[in-house]
Amino acid sequence: MSMYYAGILADVGILVLGALSVYIILSTGQLSLGNAGFMGIGAYVTSWLTVKVGLPLTLSLVIAALASGAIGVVVGFPALRLKGIYLAMATLGFGEMVRSFFLNFSAMGGPEGFHGMHHVSTGYIWIWAIAVLVLVMLIERSQIWLEIRAVRDDETAAGLVGLNATEIKVGAFGLGAAVAAIAGGLFAHHHVYIEPGNFSFERSIDFVLAVILGGSTVAPGALVGSVILVILPEYLRFLADWRFAAFGALLIGMLVVRRQGLLDRAMLRFVLPSSSA
């Protein structure tokens, strides 16, 4: 495989993880536009552990995921008081706050960025992407997912039957933040250089677009959406300066025809049992 195609596949794998981080939170009825911030935390923590401390990458990714997950739980509590566009704006503010922090954090390079990481293979990235995707799909087949959907559909009714909506929503924020951190750590070690601009608002939008495009009701939708977002613009290069305009038009057209995205539960009924449908 050429370096060009290996790079594209690596970008798809990283985007799958970022999209899954949004999907987990969105499944509880919360929209986060700040997952690029969690990705940035994961990228810098993982890089610091591997470069400065000398820990193995896999262990560093786990530690970064735990740290980012803990921050996600902290962010999740005040987010419970917000809904809709207000929650989206609050999480967007968090993402920008994280970016600004690393922009002024000279110990990790500040605006000049941080480097020294060892390059990781595309296969290693996809091991993580597939493992997390399978984990989320297993959760979708569990009692926990039924509780998550109940909270999303009607939080008041869920509380009346004994479900702890606060625990479920905060837990989703924590898990989503942890997955985003893994995406960040892999991004850093694939590109072997990071700077705060890598984790801007546009990165969070890419995560959300992948979920909406691929299907916001099933985990494999994150995979399908990520493949399209990364690969389709490459196939539109013959349009030169017009390729992103054409790509945007295709996205709009698809969402008009299928608002639920390309995949939904009806299409995956043979994979997901009826109890979770």
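Here the structure is shown first, and the text comes after it.
If you're wondering where the values come from, they're calculated on a predicted model, not measured in any experiment.

Calculation criteria
Counting starts from 1 at the beginning of each chain's written sequence and moves along it residue by residue. Whole-chain, interface and lining totals are the exception, using all residues; otherwise, since this is a predicted model, local features are given only for residues with pLDDT of at least 70 and side-chain atom pairs are given and counted only at 80 or more. Values shown for side chains rest on all heavy atoms present in the structure; no hydrogens or waters enter the calculation. Strands here are runs of E lasting at least two residues and helices are runs of H or I lasting at least four, both read from the DSSP assignment and numbered beginning at the N terminus. Relative accessibility decides the category of a residue: with a 1.4 Å probe and only protein chains considered, values under 20% of the type maximum give buried, values over 50% give exposed, and everything between is partly exposed. Positive charge is attributed to Lys and Arg, negative charge to Asp and Glu, and no charge count is given to His or to the chain ends. Lys charges are placed at NZ, Arg charges at CZ, Asp charges at CG and Glu charges at CD. Patches here are clusters of residues that have more than 30% relative accessible area and form no salt bridge, with a 9 Å joining cutoff for like charges and a 5 Å cutoff for nonpolar side chains (Val, Leu, Ile, Met, Phe, Trp, Tyr). With residues, only the protein chains shown are counted as cover, and all accessible areas are computed by Shrake-Rupley using a 1.4 Å probe. Just to be clear on terms, a salt bridge is a Lys or Arg side-chain nitrogen sitting within 4 Å of an Asp or Glu carboxyl oxygen. Orientation is described by axes fitted as lines to C-alpha atoms, over the contacting stretch for helices, and by angles from 0 to 180 degrees between their N-to-C directions. Crossing chirality is assigned from the near helix's rotation relative to the far helix, an anticlockwise turn below a right angle marking it left-handed and a clockwise turn marking it right-handed. Only heavy atoms matter for contacts: two residues are in contact if any of them lie within 4.5 Å across the pair. When residue character is reported, Ala, Val, Leu, Ile, Met, Phe, Trp, Tyr, Cys and Pro are called nonpolar, Asp, Glu, Lys and Arg charged, and the others, Gly included, polar. Angle categories are assigned with fixed cut-offs, so that under 35 degrees is roughly parallel, over 145 is roughly antiparallel, 65 to 115 is roughly perpendicular, and the rest are oblique. For this analysis, a nonpolar core means a set of buried residues of the types Ala, Val, Leu, Ile, Met, Phe, Trp, Tyr and Cys, connected via side-chain atoms within 4.5 Å. In this analysis, rings of Phe, Tyr and Trp, with Trp reduced to its six-membered ring, are considered paired at centre separations within 6.5 Å, and the interplanar angle assigns stacked below 30 degrees, edge-to-face beyond 60, and tilted for intermediate values. Working rule for helices: expected span equals 1.5 Å times residues minus one. In the analysis that follows, any N or O atom pair within 3.5 Å is treated as a polar contact, provided that within protein one partner can donate a hydrogen and the other can accept it, and provided that, for residues neighboring in sequence, both atoms belong to side chains.

1. Observations concerning the overall build of the chain
When you go through the chain residue by residue, the secondary structure sums to 11 helices and 2 strands. Counting helices and strands in the order they occur from the N terminus, the chain gives α-α-α-α-β-α-α-α-α-β-α-α-α. In terms of principal-axis extent, the alpha carbons of the chain reach across some 50 × 45 × 30 Å. Counting only residues that meet the buried cut, the chain has 49% of its 277 residues in that class. Across the chain, the centroid of the 15 positively charged side chains sits 5 Å from that of the 15 negatively charged ones.

2. Topic: a nonpolar patch on the surface
On the surface, a cluster of nonpolar side chains totalling about 420 Å² of accessible area is made up of Leu82, Ile85, Tyr86 and Met89. Structurally, the position occupied by leucine 82 is in the loop between helix H3 (57-79) and helix H4 (84-103). Given a relative accessible area of 31%, leucine 82 falls into the partly exposed group.

3. Some thoughts on the packing of helix H1 (residues 3-26) against helix H10 (residues 220-235)
Where H1 contacts H10, the axes come no closer than 8 Å and their chain directions differ by 140°. Here H1 runs over H10; the crossing is right-handed. Residues Tyr4, Ile8, Asp11, Val12, Leu15, Val16, Ala19 and Leu20 of H1 touch H10, and the partners they reach there are Ala222, Leu223, Ser226, Val227, Leu229, Val230, Ile231 and Glu234. Here the residues of the contact of H1 with H10 are counted per class, giving 13 nonpolar, 1 polar and 2 charged.

4. Re unusual backbone geometry
The phi angle at valine 192 is positive, at roughly 55°, despite the residue not being glycine. The class for valine 192 is partly exposed, based on a relative accessible area of 30%.

5. Some words on the packing of helix H5 (residues 122-140) against helix H8 (residues 165-191)
With their axes 10 Å apart at the nearest point, H5 and H8 run at an angle of 170° to one another. Between H5 and H8, the crossing angle belongs to the class labelled roughly antiparallel. On the side of H5, the interface is formed by Tyr124, Ile125, Trp128, Val132 and Ile139, while H8 contributes Leu175, Val179, Ile182, Leu186 and His190. Across the contact of H5 with H8, the residue classes break down as 9 nonpolar, 1 polar and no charged.

6. Topic: the pattern of salt bridges
Using the criterion set out here, one finds 4 salt bridges in the structure. As a salt-bridge pair, glutamate 155 and lysine 169 come within 2.7 Å of each other at their nearest N and O atoms. With glutamate 155 in helix H7 (residues 155-160) and lysine 169 in helix H8, this pair connects stretches of sequence that are 14 residues apart. You can call glutamate 155 partly exposed: its relative accessible area is 33%. Linked by salt bridges that have partners in common, Lys83, Glu155 and Lys169 make up one network.

7. Quick look at the nonpolar core
By size, the foremost hydrophobic cluster in this structure holds 76 residues, and its most contacted members are Leu17, Leu20, Leu186 and Ile194. When sequence neighbours within four positions are dropped, the list of residues in contact with leucine 17 reads Trp128, Ala129, Val132, Val179, Ile182, Ala183 and Leu186.

8. Some remarks on the packing of aromatic side chains
Evaluated as defined, the whole model comprises 8 aromatic pairs. Between tyrosine 4 and tyrosine 5, the aromatic rings sit 5.1 Å apart at their centres with planes inclined by 75°, giving edge-to-face as the arrangement. The class of tyrosine 4 is partly exposed, set by a relative accessible area of 42%. Ring plane angle 40° and centroid distance 4.8 Å describe the contact between phenylalanine 38 and phenylalanine 94, whose orientation is recorded as tilted. Of this pair, phenylalanine 38 sits in helix H2 (residues 35-53) while phenylalanine 94 sits in helix H4; the two residues are 56 residues apart in sequence, bridging distant segments of the chain.

9. A word on H2
Turn by turn, an α-helix covers 3.6 residues, leaving residues three or four places apart pointing in a common direction. Here H2 is 19 residues long and its end C-alpha atoms lie 26 Å apart, about the 27 Å a rise of 1.5 Å per residue gives. Counting buried residues along H2, 14 of its 19 residues qualify, which places the element largely inside the surrounding structure.

10. Here's the deal with the side chain of serine 200
With respect to the helices and strands, the residue serine 200 is situated in the loop between strand E2 (193-194) and helix H9 (201-214). Owing to a relative accessible area of 16%, serine 200 belongs among the buried residues under this scheme. Engagement of the side chain of serine 200 in a polar contact is seen with the side chain of glutamate 202, the distance being 2.7 Å. The residues contacting serine 200, other than those within four sequence positions of it, are Ala36, Glu96 and Arg99.

11. Let's talk about the side chain of serine 21
The topology assignment puts serine 21 in helix H1. Serine 21 sits in the buried class, given a relative accessible area of 0%. A polar contact is formed between the side chain of serine 21 and the side chain of asparagine 35, at a distance of 2.8 Å. If near-sequence neighbours (up to four positions away) are discounted, serine 21 is found in contact with Asn35, Gly176, Val179, Ala180 and Phe207.

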